[in-house]
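A look at the structure
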Amino acid sequence: MSIVKSSREQGFIQRTDFFEVAEHPQSQRLYQINIRDHVIEQFLEDTSDISIQQLEYVPYMRFVVADRLNSLTNGKLKEVLTTILHDRNTGGYTTGTNSKTSESDDYVKFSTAITHLIGEPNFDSMSGNYYARFSVTDIDNSDSYLRQPYRLFTLHTDGTFVDEATDWLLMMKMKEENAVGGESRLLHLDDWNELDIYSNHGLASKEITYKAPSSKNVSKEIKRKTFFQINNKPCMCFIDQFAYPKNIEEANYLKSLSESMENDPSLIELSLPVGDLVVLNNTFWLHGRAAFEKNSELNRELLRQRGCFSE
Ligand SMILES: [Fe+2]
């Protein structure tokens, strides 16, 4: 992991009066950004006049809450949030509201501030909004793995079936009751032992058709290459559920690639407290979810936003 140490030497690890950037206790590939309590408290106060409806109806208000948070850090937070996400050696972090609130409206505001310092969220067709909240409970009748509690949600990238860039994604824990398991499973592409085998395979840059199930409210088919390059490094676009291979060879390639990632020893299972969020570069981090243990009272809610970097 000497590469990761060199990224620290670039200056991401820091303590300021407004926040601290530390190596994440669960992964050398991630940072933990601890925004100071006084900043969180002031942010909650400074945004108490803004309603969730305003954020939903008036797009510029989303940037207004972002600016309020950034101003409270002397304008420093935006650069840290953005630079780490672009850093190939890491490209991810957790942060949160330090138990200063348990109001879900505050979580929406905080996550909105974070994403609008990074860029702009894409329209989420599933919710018809710039963010989506979804619950995982004991009973599920949906048409994808997203809400299925008792099975593994396999590693994937987001945005496979939409025709816009999905540079990053944010997941925030809104609620967690009677939940054992369900951790976010994460894999950085450069930690995947068999990356070279699959990224140099003859089918790596073959276009694969992606189609979404009806709950996603996206009817268009999209063709995407499984591997592509950014800054001469392999990046990935893949989800097993929505890929429609054209033949046995393509199907075997995708199946074997998925199994290789799932079995990689570098896979992280990230536990995230309620009120915390994780942000990842979606082009070189894969994410999924561990199965929950059976519980008739299971109730876990996440908020997600995904989007593109600002110019
Ligand atoms: Fe996802």
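Right, let's walk through the structure included here.

What counts and how
Residues numbered from 1 in each chain as written. Predicted model: local features only at pLDDT ≥ 70, side-chain atom pairs only at ≥ 80, totals over all residues. Heavy atoms only, no water. Phe/Tyr/Trp six-rings, centres within 6.5 Å; stacked < 30°, edge-to-face > 60°. Buried < 20%, exposed > 50% of the residue type's maximum accessible area, 1.4 Å probe, protein only. Helix = DSSP H or I, 4+ residues; strand = E, 2+ residues; numbered from the N terminus. Lys NZ or Arg CZ within 6 Å of the ring centre and 35° of its normal. Donors = N, O, S within 2.8 Å, 3.2 Å for Na, K, Ca; no water. Axes fitted to C-alpha atoms, helices over the stretch in contact; angles between N-to-C directions. Parallel < 35°, antiparallel > 145°, perpendicular 65-115°, else oblique. Contact = heavy atoms within 4.5 Å. Nonpolar A, V, L, I, M, F, W, Y, C, P; charged D, E, K, R; others polar. Pairing = 2+ DSSP bridges. Expected span 1.5 Å × (residues − 1).

Turning to the packing of aromatic side chains, a few remarks are in order. Applying the stated criterion across every chain, the model contains eight aromatic pairs. Centre to centre, the rings of Tyr145 and Phe153 are 6.2 Å apart; their planes meet at 80°, and the pair counts as edge-to-face. The buried category is assigned to Phe153, whose relative accessible area is 8%. Where Trp192 meets Phe227, the ring centres are 6.5 Å apart and the plane angle is 20°; that geometry is what we call stacked. A residue pair is termed long-range when its members are at least 10 positions apart, and Trp192 in the loop between strand E9 (184-188) and helix H7 (195-199) and Phe227 in strand E12 (residues 227-230) qualify at 35 residues. The pair Trp192 / Phe227 is uniform in exposure class, with both members buried. A network of ring pairs unites the aromatic residues Trp192, Tyr198, Phe227 and Tyr253 as a single cluster. The lysine or arginine in question, Arg151, covers the ring of Tyr145, its NZ or CZ lying 3.6 Å from the ring centre. Its end group placed over the ring of Tyr244, Lys211 keeps NZ or CZ at 4.3 Å from the ring centre.

Right, let's get into the coordination of the iron ion. Coordination of the iron ion by the protein involves His156 (NE2), Asp158 (OD) and His287 (NE2), with metal-donor separations of 2.1 to 2.2 Å. In primary sequence terms, the donor set of the iron ion follows H-x1-D-x128-H. Note that His156 is positioned in strand E7 (residues 153-156) and His287 in strand E17 (residues 285-289), a separation of 131 residues in sequence. You can call His287 buried: its relative accessible area is 4%.

At a minimum axis distance of 8 Å, the contact between helix H4 (residues 59-72) and helix H6 (residues 104-118) shows a crossing angle of 85°. For the element pair H4 / H6, the angle class is roughly perpendicular. Contacts between H4 and H6 involve Arg62, Phe63, Val65, Ala66, Leu69 and Asn70 from the former and Lys109, Phe110, Thr112, Ala113, Ile114, His116 and Leu117 from the latter. Each residue belonging to the contact of H4 with H6 can be placed in one class, and the counts come to eight nonpolar, three polar and two charged.

Taken in spatial order, the four strands make up an open sheet running E7-E17-E9-E15, and their pairing is antiparallel. For this open sheet the edge positions go to E7 and strand E15 (268-270), each flanked by a neighbour on one side alone. When the angles between neighbouring strand axes are averaged without regard to direction, this sheet yields 25°. Direction of pairing for E7 relative to E17: antiparallel, over a ladder of two bridges.

The terminal C-alpha atoms of H6 lie 21 Å apart, and with 15 residues this matches the ideal 21 Å at 1.5 Å per residue to within 8%. Within H6, 13 of the 15 residues are buried, which leaves the element mostly enclosed by the surrounding structure.

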